[in-house]
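Observations on chain architecture
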Amino acid sequence: MLFVGAGRPRIPRAWHGEHVLAVLAPGQGAQKPGMLTDWLDLPGAEPFFRWAGAIADADLLTLGTTGDAEAIKDTAVTQPLVVAMSLFIAQELGGMPGPVLHTPHAGRDVVITGHSVGELTAAALAGVLSVEAAIALTAVRGRAMARSCAQTPTGMSAVLGGDPDEVLAAIERHGLVPANRNGGGQVVAAGALDALAALKADPPAKARIMPLSVAGAFHTHYMASAREELEGLVGGLRPTAPSRLLLSNADGAAVDSGAEVVSRLVSQVTSPVRFDACLATLRGLGVTAVLELPPAGALAGLAKREWKGSDIEVLALTSPADLDRARELIAAERGRAEAEHSPDWRVVVSPVRGTVSPADVPEGTRLPAGSPLGCIRSRREEVNVSAGYDGVLAEWLVHDGDLVDAGDPIARLYPEVSE
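Residues numbered from 1 in each chain as written. Predicted model: local features only at pLDDT ≥ 70, side-chain atom pairs only at ≥ 80, totals over all residues. Heavy atoms only, no water.

Averaged over every residue, the pLDDT of the chain is 85; the share at 70 or more is 86%. The secondary structure element of the chain with the lowest average pLDDT is strand β10 (residues 346-349), at 72, and the one with the highest is helix α7 (residues 193-201), at 97. Here residues 1-17 scores under 50 on pLDDT; set against residues more than four positions off or in separate chains, the count is 75 contacts. Every residue in residues 335-344 scores below 50 in pLDDT, and together they form 28 contacts with partners more than four places removed in sequence or on other chains. (pLDDT = per-residue confidence, 0-100. Helix = DSSP H or I, 4+ residues; strand = E, 2+ residues; numbered from the N terminus. Contact = heavy atoms within 4.5 Å.)

Turning our attention to the packing of aromatic side chains. For the structure on display, the rule yields 4 aromatic pairs. When the centroid spacing of 5.3 Å and the interplanar angle of 85 degrees are considered together, the rings of phenylalanine 48 and phenylalanine 49 count as edge-to-face. Taking relative accessible area as the criterion, phenylalanine 49 reaches 1% and is therefore assigned buried. By way of ring pairs, the aromatic residues Phe48, Phe49, Trp51 and Phe88 are connected into one cluster. (Phe/Tyr/Trp six-rings, centres within 6.5 Å; stacked < 30°, edge-to-face > 60°. Buried < 20%, exposed > 50% of the residue type's maximum accessible area, 1.4 Å probe, protein only.)

Let us look at the environment of glycine 252. With respect to the helices and strands, glycine 252 occurs in the loop between β7 (245-246) and α9 (258-267). Exposure remark for glycine 252: the relative accessible area of 0% places this residue in the buried category. Sequence separation of glycine 252 and proline 351 is 99 residues, and the distance between their C-alpha atoms is 7.2 Å.

Attention now moves to the sheet that holds strand β4 (residues 177-183). Taken in spatial order, the 4 strands line up as β4-β5-β3-β6 in an open sheet, and their pairing is antiparallel. On the outer flanks of this sheet lie β4 and β6 (207-211), each paired with one strand and no other. Averaged over all adjacent pairs, the angle separating strand axes in this sheet is 25 degrees, with direction ignored. As judged from the 7 bridges shared by strand β3 (residues 154-161) and strand β5 (residues 186-192), these two strands associate in the antiparallel manner. What sits directly across from alanine 158, in β5, is valine 188. (Pairing = 2+ DSSP bridges. Axes fitted to C-alpha atoms, helices over the stretch in contact; angles between N-to-C directions.)

Sheet strands line up and pair through hydrogen bonds in the backbone, either parallel or antiparallel. Across the sheet, which stays open at both edges, the 5 strands sit in the order β7-β2-β1-β8-β9 with parallel pairing between neighbours. Only two strands of the sheet have a single neighbouring strand rather than two, namely β7 and β9 (313-316). Note: strand β1 (residues 21-25) against strand β2 (residues 110-114), 5 bridges, orientation parallel. Looking at the pairing, leucine 24 lines up with threonine 113 of β2. Here helix α10 (residues 275-284) sits on the sheet and contacts β1 and β2; the angle it forms with β2, its principal contact strand, is near 170 degrees. Running over the sheet, helix α11 (residues 298-306) touches β1, β8 (289-292) and β9 and is turned about 160 degrees from β9.

The next point concerns the layout of surface pockets. Summary: where empty space remains is shown by rolling a probe the size of a single water molecule over the atoms. What the second largest pocket holds in volume is close to 710 Å³. Taken together, 36 residues line the second largest pocket, and the ones lying closest to its centre are Gln28, Gly29, Ala30, Gln186 and Leu212. At the level of secondary structure, the elements contributing two or more residues to the lining of the second largest pocket comprise α5 (131-151), β3, β4, β5 and α11. Broken down by element, the lining of the second largest pocket gets its largest block of residues, 5 residues, from α11. Residues of the lining of the second largest pocket, tallied by class, amount to 16 nonpolar, 16 polar and 4 charged. (1 Å grid on protein atoms, 1.4 Å probe; cavity = no way out; pocket = protein on both sides within 12 Å on 5 of 7 lines; lining within 4 Å. Points joined across faces, edges and corners; volume = space filled by probe spheres on them. Nonpolar A, V, L, I, M, F, W, Y, C, P; charged D, E, K, R; others polar.)

Looking at α7, one finds that the buried residues are Ala195, Leu196 and Leu199. Looking straight down α7, one finds that the buried residues subtend no more than 100 degrees of arc, so they occupy a single side. Turned more than 90 degrees from where α7 packs its buried face, Asp194 and Ala201 sit exposed. Packed against the buried residues of α7 are β3, α6 (164-173), β5 and β6. (Arc of directions from axis to C-beta.)

This part is about the pairing of β3. Across the 8 residues of β3, 7 count as buried, placing the element largely inside the fold. In this sheet, β6 lies alongside β3 in antiparallel orientation, the contact comprising 5 bridges. Within β6, the residue paired with alanine 158 across the bridge is methionine 210.

As a further point, take the nonpolar core. Core analysis: the largest hydrophobic core is formed by 77 residues, its most contacted members being Phe49 and Ile89. For this core, the element with the highest residue contribution is helix α3 (residues 75-92), accounting for 10 residues. Residue contacts for isoleucine 89: discarding those within four places in its chain leaves Trp39, Leu42, Leu293, Pro294, Leu317 and Leu323. Core analysis: the second largest hydrophobic core is formed by 24 residues, Val20, Val273, Val287 and Ala316 among them. (Core = buried A, V, L, I, M, F, W, Y, C linked by side-chain atoms within 4.5 Å.)

As a further point, take the environment of leucine 137. Its place among the elements puts leucine 137 in helix α5. Residue classification places leucine 137 among the buried residues on the basis of a relative accessible area of 8%. A sequence separation of 81 residues divides leucine 137 from alanine 56, and the C-alpha atoms of the two residues are 8.5 Å apart. Filtering out sequence-adjacent residues up to four positions away, leucine 137 remains in contact with Leu120, Leu129, Leu230, Leu233, Val234 and Leu237.

Shown next as structure tokens:
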């Protein structure tokens, strides 16, 4: 796993400059009744949502204005509604700022990541998918997951607080899956309804259980039929390489191949969301400001709790009144000169807290993408770390047995850039 970084040696920052902007795209669960109403005075809003609804085969405009909580909880319509809303506001902001450069070695001044279905929004913002393809694929995903939910009664509950290892142990003990590891002291357990009820009756110490109003156990094996349906469909897509730095929910890593992005969009239907790893990557990249696209609030809250005490500005776009400040942050980021943040090396960082075991690779070794660089062991898991790009191992920054936190640097690589 490679988290991209750049700068002068021994400066633990991903970009060298005053402003590094992150854009967060929310997922299902962020929806609220009447969520579109306040935004409909913006130019082109109604035609956009009518057009997006035609693509998604759902009346998104009505659902987003007069639909009640029960109507917009339906997975089949919630997902395209959330994605379409985020994409419209991004469009209102002029798309995402910064240079559009199709190479992982070029300077990137915007980092984009989404949560769950928000990854489809992120893929469109990074240029991997067209807006039309993102909305259409989201609609198919939502309908397929709704059918999976109907097969077996399942659900999800947020576990708030508690010792992380004890929380994961309790989830496993009850036969559940940690479907979302969101950071900010929040893990979402998913699985059978009786197992969720047992977890609520016997919570981990100092933890609170909050059942979620969702249709089923997303990001678990219960969604296998939906994943199979998407696998049979995505071969018709023609994704392009991300034009901006795009982080994956699978592990918080930057993904530089359009095909790999699409592959991960399919696999995440049955795989846990590691938004905690995305937040660790953003912190390691030296992000100075964050925008959460509408329907906003949940991801901004996670970021604030995870980065408590930092000076990172986190702006949740909850109403049109927030657009002016969003434009100011974008303008500040856009004003940076390209030369200030062109990367000359990259940092591999730990995806989790644990004990590091570096691979037996001498400094100066030329490494192809995917080369194993060791593993991180915690009490609950073992996570492998690998190089995400071709490069040369410049320097190990840890020793065998060192304790590292998520986001701590492990090694420094010089990227191989073809002339």
